[in-house]
Amino acid sequence: MTEVIRVLLIEDDEDDYFLTSDYLLQCEEPRFQLTWVTNSADAIDALQRRNFDLCLLDYLLGAENAVDVLEVLKSNQFNLPVVILTGQSDSQVDELVMRAGAADYLQKTEIESPRFMRTIRYAMVRREIENERLERHKVEQQNKAKDKFLAHLGHELRTPLTSILGYTELLLDDKGNDPLAQELSIIYSNGKHLLSLLNDLLDMSRIMADKLELNIKEVHLSPFLTDIHSLMQLAAKDKDLVFDVIAETKIPEIIETDPTRLRQVLINLVSNAVKFTDTGTITVTVEVRPPAPGKTNERLHFIVEDTGIGMPPDKLEKIFQPFEQIEDIMRANHGGAGLGLAISRELVAKLGGSISVDSVFGKGSRFSFSIDPGDISEQSRAHLALKAPSRAEANDLDLQVTGKVLIVDDIREIRRLTGHLVSQCHATVAYAENGVKALEAVLQAEEDNDPFHLVLMDIHMPVMNGIEALHAIRRHNSNVPVVAVTAASRKGLKQSLMDDGFNNVIGKPIERAALTEVLDQYLVRSQGPAVSKIESVKTVTQSTQPQPTSKKVLVIEDDEDAAELLQLFLVHQGHDVITANTGADAIERMNEVVFDHVLMDLTLPDYHGYDLAAELNQIQPKAKLVIVSGNEPDKDTMKHLGVSQSLLKPVSKEDLISVVS
């Protein structure tokens, strides 16, 4: 198809118009469509009514000249290439119009020469390049605006969710509200659902902007899979489903991947399987497969299979697209934003693999994906052995004890799950996310004359693993009982850990009976069967110990509801709390009172949190600063400021216990 170039000619000499028009009409390739006006006012009118590709502008137009017209076009924000037509060459005039924004200039005698066509071509090419640059700039600005908006949205939504979930949690903990427990649980579960949707939206936005970064590290595969089993078996058990994790081949001891993102994919797929399965089984199968074509590393392959409602064949192509759902089945009965599978597909791709699905409507679905586990050719391999959950377990632990238990695990969900089980026995619970934090918590508690009575220590953790943490604790002459918690099952492991100095070993998933036995061994029964002489001695020791030391805490939060909630949580833990709603208030408080801990939001009406943190550090260098934010804080900035801890809203009691103890 012949190209048509739409040209606006601004020329007050009729003879020159006919000359230009005749030449352009004679061209067969490209073809020109010419519109003629004689002044800038008519030119503006023509440009407002239609689009043009090029403007040919006479230098002299009666009382106007080309520089005046270029200024008028610019002020009216018309962006098209303008070629100046002059009666004779003048270097000063040529330079003047080029500075004013002209694309090029020509003598009128050159209209019928090859240079005229080349000039038009060059002007059009330059326009295309400029348009592409402007479009890229526009997209960049839109992305920046979107990122800023999503960051603001994340913060603004997380702050009220903190209040919704936090106050509901407080109400659920109050025994006086037992008659309302069902209604409160509905509020809490729906709040968690809103938080899940928010996290999905933010993840999807990062993926679409290509800003989702992986954190590749060594992952002990067997404990990792056991943690997945522990996390999801309760959800399956609530629907009376059988859930299992199995390995078809021997699996490597260690792989290299991003454990957070791999866990996100598996939990999403298993959660969907639980959601869409009413009876039967859900099975996660893992196996090592040969390298993909053109690759050198073996693949780690996962299959998540269920006996649920399945999907029609014509719907399978859509399920990995953002915001897609299976009409009349998923959307009507199960809700959701339709982002989980789209996020999973992108995460699997970033982990070096791909994901697919097979499904039979009414019979179930089978999701399969592979990841690159790094070079595992030299890794020792063993069969995966997970203990199946016992159906005979009681929902509540019968044991009631008193004492302080420190739960150490790098996975937040596992910490909370274990803490929930320990809390059912009425023990006081504190948390640490790695061996270094555990060591700090143990030593600080003993310095405060309020020591822990038991530490449940995961073995495989970043920063400092459980064995290293135990040795460090013992080097500081602490005799607190430390029980190893491990998913590994190799022969002789328990004896090896006992030889390392652990007082006992329990496996993952944690069995209630094993946990009850450990708690009964190291803590003091508060009711039940008569206590032994040893327990009596422990009771005397416990009774003579002082109450937990109160910490002075400053909460800096501009949302009054969120500030009040944090204050309530901390006061219930026995701490003395002062709140500040602005950076200026915080500085004033820091100049009046010595604080042990400062919990600060990053978004304040008068300060950015990082700037405020730097000032507060100068006022009280010994106060421990903790960032509490609706967005993930920048790790490099935190390190530069000497801030080692942060909490992501919404904040729970367990979160606060982990940073203020």
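Residues numbered from 1 in each chain as written. Predicted model: local features only at pLDDT ≥ 70, side-chain atom pairs only at ≥ 80, totals over all residues. Heavy atoms only, no water.

## Digging into the overall build of the protein chain
So, point 1. Secondary structure assignment for the protein chain yields 21 helices and 28 strands.
So, point 2. Sequence-distant contacts, at least 24 apart, represent 70% of the contacts inside the protein chain between residues at least 6 apart.
So, point 3. Here the protein chain has roughly 33500 Å² of accessible surface; of this, 50% comes from carbon and sulfur atoms. (Helix = DSSP H or I, 4+ residues; strand = E, 2+ residues; numbered from the N terminus. Contact = heavy atoms within 4.5 Å. Areas by Shrake-Rupley, 256 points an atom, 1.4 Å probe, with all protein chains shown as cover.)

## Side note on the packing of aromatic side chains
So, point 1. By the definition in use, this model includes 4 aromatic pairs.
So, point 2. Ring centres 4.0 Å apart and planes at 5° place the aromatic pair Y17 and W36 in the stacked group. Remark: W36 occurs in strand 2 (residues 31-37) and Y17 occurs in helix 1 (residues 14-26); sequence separation between them is 19 residues.
So, point 3. With relative accessibility at 30%, the residue W36 sits in the partly exposed group.
So, point 4. Centre to centre, the rings of F302 and F369 are 5.0 Å apart; their planes meet at 15°, and the pair counts as stacked. On the criterion of sequence distance, the pair formed by F302 in strand 13 (residues 299-306) and F369 in strand 15 (residues 364-371) is long-range, its members being 67 residues apart.
So, point 5. Overall, the relative accessible area of 0% leaves F302 in the buried class.
So, point 6. Looking at F369, the relative accessible area reads 1%, which means it is buried. (Phe/Tyr/Trp six-rings, centres within 6.5 Å; stacked < 30°, edge-to-face > 60°. Buried < 20%, exposed > 50% of the residue type's maximum accessible area, 1.4 Å probe, protein only.)

## With respect to helix 19 (residues 609-619)
So, point 1. G609, Y610, L612, A613, L616 and N617 are the residues of helix 19 that are buried. Angularly, the buried residues of helix 19 cover 155° about the axis, an arc narrow enough to put them on a single face. (Arc of directions from axis to C-beta.)

## A word on the packing of helix 18 (residues 583-592) against helix 19
So, point 1. Running from N to C, helix 18 and helix 19 cross one another at 10°; their axes reach a closest spacing of 10 Å. It follows from the interaxial angle that helix 18 and helix 19 lie roughly parallel. Of helix 19, the residues touching helix 18 (which contributes G583, A586, I587, M590 and N591) are L612, E615, L616 and I619.
So, point 2. Looking at the contact of helix 18 with helix 19 residue by residue, the classes come out as 6 nonpolar, 2 polar and 1 charged. (Axes fitted to C-alpha atoms, helices over the stretch in contact; angles between N-to-C directions. Parallel < 35°, antiparallel > 145°, perpendicular 65-115°, else oblique. Nonpolar A, V, L, I, M, F, W, Y, C, P; charged D, E, K, R; others polar.)

## Topic: the nonpolar core
Nonpolar side chains in soluble globular proteins tend to be buried together.
So, point 1. Counting 51 residues, the largest nonpolar core has L225, L266, F302 and F369 as its most contacted members.
So, point 2. Residue contacts for L266: discarding those within four places in its chain leaves F224, I228, V284, F302, V304 and F369.
So, point 3. L421, V429, V455 and I506 belong to the second largest nonpolar core, which has 48 residues in total. (Core = buried A, V, L, I, M, F, W, Y, C linked by side-chain atoms within 4.5 Å.)

## Topic: the pattern of salt bridges
So, point 1. Enumeration according to the criterion identifies 14 salt bridges in this entry.
So, point 2. As a salt-bridge pair, R289 and E287 come within 2.8 Å of each other at their nearest N and O atoms.
So, point 3. With a relative accessible area of 13%, E287 lands in the buried category.
So, point 4. Across the salt bridge formed by D601 and K649, the nearest N and O atoms sit 3.5 Å from each other. Placement of D601 in the loop between strand 26 (597-600) and helix 19 and of K649 in the loop between strand 28 (645-648) and helix 21 (653-659) is noted, with a sequence separation of 48 residues between them.
So, point 5. For K649, a relative accessible area of 2% puts it in the buried group. (Salt bridge = Lys/Arg side-chain N within 4 Å of Asp/Glu carboxyl O.)

## Brief notes about the sheet that holds strand 7 (residues 104-107)
So, point 1. Taken in spatial order, the 5 strands make up an open sheet running 2-1-3-6-7, and their pairing is parallel. The open sheet has two free edges, formed respectively by strand 2 and strand 7, since each of these has just one partner strand. In this sheet, adjacent strand axes meet at a mean angle of 25° when their direction is disregarded. (Pairing = 2+ DSSP bridges.)

## A short note on a negative patch on the surface
So, point 1. On the surface, D12, D13, E14 and D15 cluster together into a patch of negative charge.
So, point 2. Mapping E14 onto the fold places it in helix 1. (Patch = residues over 30% accessible without salt bridge, like charges linked within 9 Å, V, L, I, M, F, W, Y side chains within 5 Å. Lys, Arg positive; Asp, Glu negative; His and termini not counted. Charge placed at Lys NZ, Arg CZ, Asp CG, Glu CD.)

## Concerning the environment of V288
So, point 1. Along the chain, V288 turns up in strand 12 (residues 281-289).
So, point 2. Put simply, V288 and P373 are 85 residues apart on the chain and 9.5 Å apart in space, counted from C-alpha to C-alpha.
So, point 3. When near neighbours in sequence (up to four residues on either side) are disregarded, V288 contacts T249, K250, I251, P252, E298, R299, L300, I376 and R381.

## Quick notes on the sheet that holds strand 27 (residues 624-629)
So, point 1. Strand order in the open sheet formed by 5 strands is 25-24-26-27-28, with parallel pairing between adjacent strands. Each end of this open sheet is capped by a strand with a single partner; those strands are strand 25 (576-580) and strand 28. Each adjacent strand pair in this sheet contributes to an overall mean axis angle of 20°, direction not counted.
So, point 2. Note that strand 24 (residues 552-556) and strand 25 share 5 bridges and pair parallel.

## Quick look at the confidence of the model for the protein chain
So, point 1. Summary statistics for the protein chain give a mean pLDDT of 82 and a share of 89% for residues scoring 70 or more.
So, point 2. Predicted confidence in the protein chain is weakest over helix 16 (residues 533-544), with a mean pLDDT of 34, and strongest over strand 13, with 96.
So, point 3. Considering only residues more than four positions removed or in separate chains, one finds that residues 326-335, a stretch of pLDDT under 50, has 20 contacts.
So, point 4. The low-confidence segment residues 388-396, where pLDDT is below 50, has 14 contacts with residues more than four positions distant or belonging to other chains. (pLDDT = per-residue confidence, 0-100.)

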